[in-house]
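Residue-level listing of the chains:
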Amino acid sequence: VSRQDGKPLWAFSTRGKVDSSPVICGDKVVVGSEDGRLYVVSLASGKELARIPTKRKVVHGVVVSPDDRYAFVSVEGIGSEPGTVEVIDLIAHAGVASVDVGQQAGGIDFWKIESSQ
């Protein structure tokens, strides 16, 4: 959306329903879709930069680390399937970790990064 006149600058369609808000990180927009993918899109042009599969179909929430390196994705479990939190490397465009959590994981937020040194 243009800051000057509020008109759309570009549009992007995923291959499924989007229930969570897109996240702006640096020069990219990250959004999860019910097609089981996390999309990375250019903020300037709306061009798809990456389409990263998630372990579960219903992506519920996305939060990005303060350094814009990792996306943390909460995925709702369906039926007896557990919810999952996945960690996606936004530079490598690949999943690096995941953990199953209780059913109906309903969103995610980022608290802080602590130095390992």
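What counts and what doesn't
- Residues numbered from 1 in each chain as written.
- Predicted model: local features only at pLDDT ≥ 70, side-chain atom pairs only at ≥ 80, totals over all residues.
- Heavy atoms only, no water.
- Helix = DSSP H or I, 4+ residues; strand = E, 2+ residues; numbered from the N terminus.
- Buried < 20%, exposed > 50% of the residue type's maximum accessible area, 1.4 Å probe, protein only.
- Pairing = 2+ DSSP bridges.
- Polar contact = N/O pair within 3.5 Å; in protein donor to acceptor, adjacent residues only side chain to side chain.

Asks: Explain the environment of Ala 11 to me, please; I cannot follow it from the model alone.
Replies: Here Ala 11 shows up in the segment before strand 1 (23-25). Ala 11 sits 28 residues away from Tyr 39 along the chain, and the two C-alpha atoms are 13 Å apart.

Asks: What exactly am I supposed to notice about the pairing of strand 7 (residues 83-89) here?
Replies: One face of the sheet, then the other: side chains in a regular strand alternate in exactly this way. Among the seven residues in strand 7, seven count as buried, and that is most of the element. A two-sided burial pattern is seen for strand 7, the buried positions comprising Gly 83, Val 85, Val 87 and Asp 89 on one face and Thr 84, Glu 86 and Ile 88 on the other. The loop that links strand 6 (residues 70-76) with its antiparallel partner strand 7 comprises six residues; one of these, Gly 79, has a positive phi angle of about 65°. Judged from the seven bridges that link them, strand 7 and strand 8 (residues 94-101) form a sheet pairing that is antiparallel. Along strand 8, the bridge assignment pairs Val 87 with Ala 97.

Asks: Help me understand the side chain of Ser 65, please; the structure alone is not making it clear to me.
Replies: Following the sequence through the fold, Ser 65 ends up in the loop between strand 5 (58-64) and strand 6. Of note is the side chain of Ser 65, whose polar atom sits 2.5 Å from the side chain of Asp 67.

Asks: I'm lost on the pairing of strand 6 in this one. Help?
Replies: The buried fraction of strand 6 is high, at five of seven residues. In the sheet, strand 6 pairs with strand 7 via six bridges, with the strands oriented antiparallel. Considered in strand 7, the bridge of Val 75 is made with Thr 84.

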